[in-house]
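Listed below, chain by chain, are the residues.
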Amino acid sequence: MVVTLLSKTQVVRASDELLRSSSSEILSAPCAVDPVILSLGSVLRREFLSGGIADPFFVEAIGTVLTGQVVRRWSSQARSRSMKGSLSPKQLRKTMDAIDNWMPFGIGIKALADQLGMGTHQFTRHFRKSMGCSPYRFVMRRRIERARLLLEESSTPLAQIALELGFVSQSHFTSVFHREVRTTPQSYRSLFRKSNRGSVSN
């Protein structure tokens, strides 16, 4: 079972950003079943079970989607504002630079949104429209790309690579890498070097 607590601040911020009226209230529904929220809970549970400690950026991303669903589906005045559009080239460039520069220190959706003067829901939608994936998914791909280069071109210890790329721990790095590449970082490095030695000898 997964119990998720949303702060009043999160819900109010989402209501102000997503709804046409900020005076709406969340409806009481003690026995209701929401398929979207149920699915998000399952994803969150798997994340905690797979690595022990969930990636803070992942948790924030789930929280953004969850609060959006709550205020849209379970609000007394659920009339959503239009959020069409995408990031401008300048906004996109600023976001990419921030992702690369902040990676070792941890990245957050709110921080990325704040630097563009946007709310987290607006930023997430515009980013998805521009890049074809969520901010979290993009950051994970970026981390894995960098990890591959470090594994191929250096002898940097796995624990240090995990730290440099913003992973919670070496085990979290290994878990995510295996999920994305279908092998462990150590195996990837060994196979790459073995392949290179074979190419040189030929």
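Residues numbered from 1 in each chain as written. Predicted model: local features only at pLDDT ≥ 70, side-chain atom pairs only at ≥ 80, totals over all residues. Heavy atoms only, no water.

1. Digging into the overall build of the protein
The helix and strand inventory of the protein stands at 10 helices and 0 strands. Along the protein, helices (α) and strands (β) appear in the sequence α-α-α-α-α-α-α-α-α-α when read from the amino end. By residue count, 39% of the 202 residues in the protein fall in the buried class. Within the protein, contacts between residues separated by at least 24 positions form 69% of all contacts whose residues are at least 6 apart in sequence. Just so you have it, the protein exposes about 11600 Å², and 54% of that area is on carbon and sulfur atoms. (Helix = DSSP H or I, 4+ residues; strand = E, 2+ residues; numbered from the N terminus. Buried < 20%, exposed > 50% of the residue type's maximum accessible area, 1.4 Å probe, protein only. Contact = heavy atoms within 4.5 Å. Areas by Shrake-Rupley, 256 points an atom, 1.4 Å probe, with all protein chains shown as cover.)

2. Focus on the pattern of salt bridges
Applying the stated criterion across every chain, the model contains 4 salt bridges. Measuring nitrogen to oxygen at the nearest pair gives 2.9 Å for the salt bridge that ties D100 to R142. With D100 in helix α4 (residues 89-102) and R142 in helix α7 (residues 135-153), this pair connects stretches of sequence that are 42 residues apart. The salt bridge involving R146 is made with D100; its shortest N-O contact spans 3.5 Å. Here the residue R146 occupies a position in helix α7, and D100 occupies one in helix α4, the gap between them amounting to 46 residues. Given a relative accessible area of 30%, R146 falls into the partly exposed group. Through salt bridges with shared partners, one network takes in D100, R142 and R146. (Salt bridge = Lys/Arg side-chain N within 4 Å of Asp/Glu carboxyl O.)

3. Side note on the side chain of S134
Mapping S134 onto the fold places it in the loop between α6 (120-131) and α7. Ignoring anything within four residues of it in the chain, the contact list for S134 reads F127 and R128.

4. Quick notes on helix α9 (residues 170-181)
Compared with the 16 Å implied by 1.5 Å per residue over 12 residues, the 16 Å span of α9 between its first and last C-alpha is a close match. Turning to α9, its buried residues number three or more, namely H172, F173, V176, F177 and V181. Along α9, the residues classed as buried sweep out an arc of 135 degrees about the axis, all on the same side. Of the residues one or two after α9, R182 is the one with positive phi, at around 70 degrees. (Expected span 1.5 Å × (residues − 1). Arc of directions from axis to C-beta.)

5. Re α4
Under the 1.5 Å per step criterion, the end-to-end length of α4 is 20 Å for 14 residues, consistent within 8% with the ideal 20 Å. Among the residues of α4, L92, T95, M96, A98 and I99 are the ones counted as buried. Angularly, the buried residues of α4 cover 160 degrees about the axis, an arc narrow enough to put them on a single face. Exposed side chains of α4 directed beyond 90 degrees from the buried face belong to P89, K90, R93 and N101. Of the surrounding elements, those touching the buried residues of α4 are α5 (109-114), α6 and α7.

6. Looking at the environment of T124
The residue T124 is located in helix α6 in this model. Apart from the residues lying within four places of it in its own chain, the contact partners of T124 are T64, I109 and P135.

7. With respect to the packing of aromatic side chains
Per the stated rule, a full pass over the model turns up 7 aromatic pairs. Their ring planes at 45 degrees and their centres at 5.1 Å tell us that F167 and F173 sit as a pair that is tilted. You can call F167 buried: its relative accessible area is 6%. What makes F173 buried here is its relative accessible area of 0%. On the numbers, 5.9 Å between centres and 70 degrees between planes, the contact of F173 with F177 is edge-to-face. Here F173 and its partner F177 are both found in helix α9, 4 residues apart, which amounts to about one turn of the helix. Classification of F177 by relative accessible area gives buried; the value is 0%. Grouping aromatic residues by their ring pairs yields a cluster made of F167, F173, F177 and Y188. Just above the ring of F167 sits the side chain of R143; from NZ or CZ to the centre is 5.1 Å. (Phe/Tyr/Trp six-rings, centres within 6.5 Å; stacked < 30°, edge-to-face > 60°. Lys NZ or Arg CZ within 6 Å of the ring centre and 35° of its normal.)

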